[in-house]
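# Report on the structure
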Amino acid sequence: MIDPSLIRNRLHETAEILARRGFTLDVAAIEKLEAQRKETQTEVERLQHERNRSSKAIGQAKAQGQDVAPLMEAVGALGDRLKELQGQLESIQSELSAILLGIPNLPNDSVPVGAGEEENVEVRRWGTPTEMDFGPKDHVALGANLGMLDFERAARLSQSRFMTMSGPLARLHRGLISFMLDIHTREHGYTEWYVPYIVNADSLRGTGQLPKFEEELFALRCGEDERQLYLIPTAEVPVTNLMREEIIEAGMLPRRFVAHTPCFRSEAGSYGKDTRGMIRQHQFEKVELVQLVRPEESYDALEALTGHAEAILQRLGLPYRVVALCTGDLGFSSAKTYDLEVWLPGQQCYREISSCSNFESFQARRLQARWRNPETGKPELVHTLNGSGLAVGRTLVAIMENFQDRHGAIHIPEALQPYVGGMTKIA
RNA sequence: GGAGAGAUGGCCGAGAGGCUGAAGGCGCUCCCCUGCUAAGGGAGUAUGGGGUUUAUAGCUCCAUCGAGGGUUCGAAUCCCUCUCUCUCCGCCA
């Protein structure tokens, strides 16, 4: 959520900034609601003040044994008027907050302005796209040849967009998770967490998946229970929510958390996209980096965090590029995002494998995640960041496709071999 | 799943319809005193929102005692619903 005071004090300026990312703010509607809100709230508070004063007077008169009947009569009429106005105020405020919750974050000034994906800006490349003197296969063909990757059986168990892995390939997948976690915890200063994979609506609101993106989620209902729970679409949700409604002492910042979790996405509205292979699945594993930092440090932290994700690709020897998303392609909650795209020989293109974002105070405001600023002594919102470090399934795809040989064997990068019991290739 | 107990400020803990945004203690901050240390004395110390203001400070109002509703002129206190925590029993990886 953006700072509500922007709506009150700098509405037009805010609308202009939002226009950069292609979002139209209904300025007229907000101005009208705001005027109503102000008037109603002022009146409600005036009446409450009056009531409080009168009630106090009744108490005092009673204590002195005076007759309170006339006093009570005077106050009686207040109640109805107050109740009516409070009802009005409530409905105005819920309208306003619905608008507010639907407003995306303001892009940072350093974000390139653009309408969509095509206008993203490549920042740097690492490595060169793998050349092969034979026709490289994609991971689907490689996996099928090895007999270790199966989409058809998974569809029978569940539905489309699921898969099974078996044998050494499954082990490689598992090893990747440990590999990533070890690097982030040992070398990048992250604390490892184990967290719930099922969360409530408040958590999803906190990180911005709700109310706007409910159709992306798998919702659970348990027996008679009325409460709605959801499978997490990313570890970002439980991990960032760890600090919900907390006030962090300044000395504890920055906080760096890493967690491996499965992620569940309904992929509504992506029917035609990436239907082949394990690029876009309903269920996948991800190692997620989350940071909570002082506001003035968040852009340095974004560079660092992006570097942490890049380190994994570099260790594995996977060629990739870093792309700065333009304003039109920015996620709802993000102020600035770098995507890491890995080279996939099977598709002859770069594909997203990590997305690293600075949310500034957008999530923190919803979460009420704060720190105590020693300069002011007051609790202030932290800035939150996260990034995949990395998407495990896509990393596996990248390894399969980049390190295949002409016989269809997969060679395991040296850095990874200790994590798969010294195995050097899968054939 | 059954039975019971509980949830109050950074922490502990009182309060059982009105003078309680909340006693007392601990912690923390500042000041005084004490040649060091220990001890002692004094003051301060929740959060969110509105109005005023260019904005802050200030002033002022409102809300908040797990959450939501209700009763009442008035609720931390009474009633209802929910959530969470603890203890015992059962079950279980």
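Quick look at the structure, then. Treat the numbers as computed from the prediction; the structure is a model and nothing was measured.

Definitions and limits used
Residues numbered from 1 in each chain as written. Chains lettered and ligands numbered in written order. Predicted model: local features only at pLDDT ≥ 70, side-chain atom pairs only at ≥ 80, totals over all residues. Heavy atoms only, no water. Phe/Tyr/Trp six-rings, centres within 6.5 Å; stacked < 30°, edge-to-face > 60°. Helix = DSSP H or I, 4+ residues; strand = E, 2+ residues; numbered from the N terminus. Near = heavy atom within 4 Å. Polar contact = N/O pair within 3.5 Å; in protein donor to acceptor, adjacent residues only side chain to side chain. Nonpolar A, V, L, I, M, F, W, Y, C, P; charged D, E, K, R; others polar. Buried < 20%, exposed > 50% of the residue type's maximum accessible area, 1.4 Å probe, protein only. Pairing = 2+ DSSP bridges.

It is worth spelling out the packing of aromatic side chains at this point. Counted under the stated rule, the structure contains seven aromatic pairs. Between W126 and Y320 the ring centres are 5.8 Å apart and the planes differ by 20°, which places this aromatic pair in the stacked class. On the criterion of sequence distance, the pair formed by W126 in strand β1 (residues 121-126) and Y320 in strand β11 (residues 320-324) is long-range, its members being 194 residues apart. Between F213 and F332 the ring centres are 5.6 Å apart and the planes differ by 75°, which places this aromatic pair in the edge-to-face class. Here F213, found in the loop between α8 (201-207) and β6 (219-220), pairs with F332, found in the loop between β11 and β12 (336-344); they are 119 residues apart in sequence, far enough to count as distant. One aromatic cluster in this structure is built from F213, F332 and F362.

Right, let's get into unusual backbone geometry. A cis amide bond links L210 with the next residue in sequence, P211, at an omega value of 5°. Looking at where P211 falls in the secondary structure, it is placed in the loop between α8 and β6. A cis amide bond, omega -5°, links L253 with the succeeding residue P254. If you trace the backbone, P254 turns up in the loop between β8 (247-249) and β9 (255-264). Positive phi, normally seen in glycine, also occurs at E267, with a value near 55°. Along the chain, E267 falls in the loop between β9 and β10 (283-293). At E360, a position not held by glycine, the phi torsion is positive, near 50°. One can find E360 in strand β13 (residues 349-360).

On to the protein's contact with RNA strand B. For RNA strand B, the set of nearby residues contains 21 residues, the closest of which are R8, Q48, H49, S55 and K62. Taking the atoms of RNA strand B that fall within 4 Å of the protein, sugar and phosphate contribute 75% of them. Between RNA strand B and E45, the relevant distance is 3.4 Å, taken from a base nitrogen to a side-chain nitrogen or oxygen of the residue. At 2.7 Å, a backbone N or O of S55 approaches a base nitrogen of RNA strand B. Taken together, the elements giving at least two residues each to the surface near RNA strand B come down to α3 (27-63), α4 (69-101) and β14 (370-372). Looking at the surface near RNA strand B, the element that brings in the most residues is α3, giving twelve residues. Grouping the constituent residues of the surface near RNA strand B by class yields four nonpolar, six polar and eleven charged.

All right, on to helix α12 (residues 392-402) then. Counting buried positions over the eleven residues of α12 gives eleven, a clear majority of the element. Every buried residue belonging to α12 is among V392, G393, R394, T395, L396, V397, A398, I399, M400, E401 and N402, and all of these are buried.

Each strand in a sheet pairs with its neighbour through backbone hydrogen bonds, running either in the same direction (parallel) or in the opposite one (antiparallel). Across the sheet, three strands lie side by side as β5-β7-β6; this open sheet has antiparallel pairing. Edge positions in the open sheet fall to β5 (198-200) and β6, since each of these has one partner strand only. Pairing geometry for β6 and strand β7 (residues 229-231), over two bridges, is antiparallel. By the bridge assignment, L220 is partnered in β7 with L229.

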